[in-house]
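Close look at the chain arrangement
Each chain, letter by letter, is given below.
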Amino acid sequence: SQTIHQWPATLVQPVGSPLSLECTVEGTSNPNLYWYRQAAGRGLQLLFYSVGIGQISSEVPQNLSASRPQDRQFILSSKKLLLSDSGFYLCAWRRTGSSYEQYFGPGTRLTVT
Amino acid sequence: QKEVEQDPGPLSVPEGAIVSLNCTYSNSAFQYFMWYRQYSRKGPELLMYTYSSGNKEDGRFTAQVDKSSKYISLFIRDSQPSDSATYLCAMRKGLTGGGNKLTFGTGTQLKVEL
């Protein structure tokens, strides 16, 4: 079976500090990977998606970047955090070539102070 | 106007009630529809997905799609306190490529009371 991991679960960072959130998927190969941010009352906002190693598409211009150094690893980064970067960050995966369901990880709650 | 509209609630019902959760959408390009359940401080969990107009049933859950009205619903029968969560609708356009992106509603918060 497939599992998706995210860490850390919670993070409190000062404004201007760097960020690195990691997501890994087990039990599947060449998944599509996604980073979302969820803010209260705004639903899930797609930030980045990746269809393969080194292939990143950005959905929203912002202070964040993503990388996919390995097939089942997806990293969300920032060089300098802003207060507006606070939120609940979710990683998701989808099985390539099959249907359209996405499966989510447990999320990272980021508070920028 | 948002592409997907969902009443945020909160919706409070007694245990055993039938719950109706709804989303409307404006773009007829949406072809695939999903419902996710999200418990507090957890990632969303896929409940149901459907493509066709009509009903799809899974246990106490029924997903209904009306493409002509651009309206989807999730019905929960015999609701339980464990159903208390936020329910998110999601949909995808019928296009290949582009990472198969989903568009989500903002979620409806449901509380089932004893």
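Details of the structure are given in the entry above.
This structure is a prediction, so every number in the text was calculated from the model and none was measured.

Quick notes on the state of the cysteines
Residues and elements named next belong to chain B. Scanning all chains against the criterion turns up two disulfides over all chains. Through a disulfide, C23 is tied to C89; the S-S separation comes to 2.0 Å. Measuring the twist about the S-S bond at about -100°, one finds the C23-C89 disulfide to be left-handed. One end of the pair, C23, is in strand β3 (residues 19–25); the other, C89, is in strand β9 (residues 85–93), and 66 residues separate them in sequence.

With respect to the side chain of Q38(A)
With respect to the secondary-structure elements, Q38(A) resides in strand β4 (residues 32–39). A polar contact is formed between the side chain of Q38(A) and the side chain of Q38(B), at a distance of 2.8 Å. Setting aside residues up to four positions removed in sequence, Q38(A) forms contacts with G43(A), L44(A), G87(A), F88(A), L90(A), Q38(B) and L88(B).

Digging into the sheet that holds strand β8 (residues 71–76) of chain B
Residues and elements named next belong to chain B. An order of β1-β3-β8-β7-β6 is seen for the five strands of this open sheet, with the pairing classed as antiparallel. Looking at strand neighbours, the two that pair on one side only are β1 (4–6) and β6 (54–58), the edges of this open sheet. Geometrically, the sheet is characterised by an average inter-axis angle of 20° between neighbouring strands, direction not taken into account. By the bridge criterion, six bridges tie strand β7 (residues 61–66) to β8 in an arrangement that is antiparallel. If you follow D66 over to β8, its bridge partner there is Y71.

So, the interface of chain B and chain A
Between chain B and chain A, the contact holds 23 residues from the first and 23 residues from the second. Taken as a group, R41(B), K101(B) and F104(B) account for 25% of the area that chain B buries against chain A, more than any other trio of residues on that side. Where chain B meets chain A, there are one salt bridge. Seen at the junction of chain B and chain A, the total is three residue pairs in polar contact (both at pLDDT 80 or more). Contributing elements (two or more residues each) for the side of chain B that touches chain A: β4 (30–38), β5 (45–50) and β9 of chain B.

Quick word on the pairing of β7(B)
All names here are of chain B. The pairing of β6 with β7 spans five bridges and is antiparallel. By the bridge assignment for β7, D58 is matched with F61. As consecutive antiparallel partners, β6 and β7 are separated by two residues, and within that stretch G59 has a phi angle of approximately 65°, a positive value.

A look at unusual backbone geometry
Of the consecutive residues W7(A) and P8(A), the connecting peptide bond is found in the cis state with omega at 0°. A positive phi angle, near 50°, is found at N30(A), a position not held by glycine. Here N30(A) is to be found in the loop between β3 (19–26) and β4. A residue is classified by how much of its surface remains accessible, and N30(A), at 34% relative accessible area, is partly exposed. Positive phi, normally seen in glycine, also occurs at D78(B), with a value near 45°. Among the secondary structure elements, D78(B) is positioned in the loop between β8 and β9. Its relative accessible area of 43% is what places D78(B) among the partly exposed residues.

Conventions and cut-offs
Residue positions are given per chain, counting from 1 as you read along its sequence in written order. Both sets of labels track the order of writing: A upward for chains, 1 upward for ligands. Restriction of local features to residues with pLDDT of at least 70 applies here, the model being predicted, together with a cutoff of 80 or more for giving and counting side-chain atom pairs; totals for whole chains, interfaces and linings are based on all residues. Values shown for side chains rest on all heavy atoms present in the structure; no hydrogens or waters enter the calculation. Throughout, a disulfide means two cysteine sulfur atoms within 2.5 Å of one another. Working definition: helices are DSSP H or I runs of at least four residues, strands are E runs of at least two. Numbering for both runs from the N terminus. Throughout this description, a polar contact denotes any pair of N or O atoms lying within 3.5 Å of each other; where both atoms belong to protein, one of them has to be capable of donating a hydrogen while the other can accept it, and for residues adjacent in sequence the pair is counted only when both atoms sit in side chains. Pairs of residues are marked as contacts when any of their non-hydrogen atoms sit within 4.5 Å. The pairing criterion for strands is at least two bridges between them, as found by DSSP. Axis lines are fitted through C-alpha atoms, for helices just across the contact stretch, and the angle between N-to-C directions can take any value from 0 to 180 degrees. Buried area is understood as the total, over both parts, of accessible area removed when two parts are fitted together, assessed with a 1.4 Å probe. Salt bridge, as applied in this entry: a Lys or Arg side-chain nitrogen positioned within 4 Å of an Asp or Glu carboxyl oxygen. Per-residue accessibility, obtained with a 1.4 Å probe over protein chains only, is compared with the maximum for each type, and a residue is labelled buried under 20%, exposed over 50%, and partly exposed between these values.

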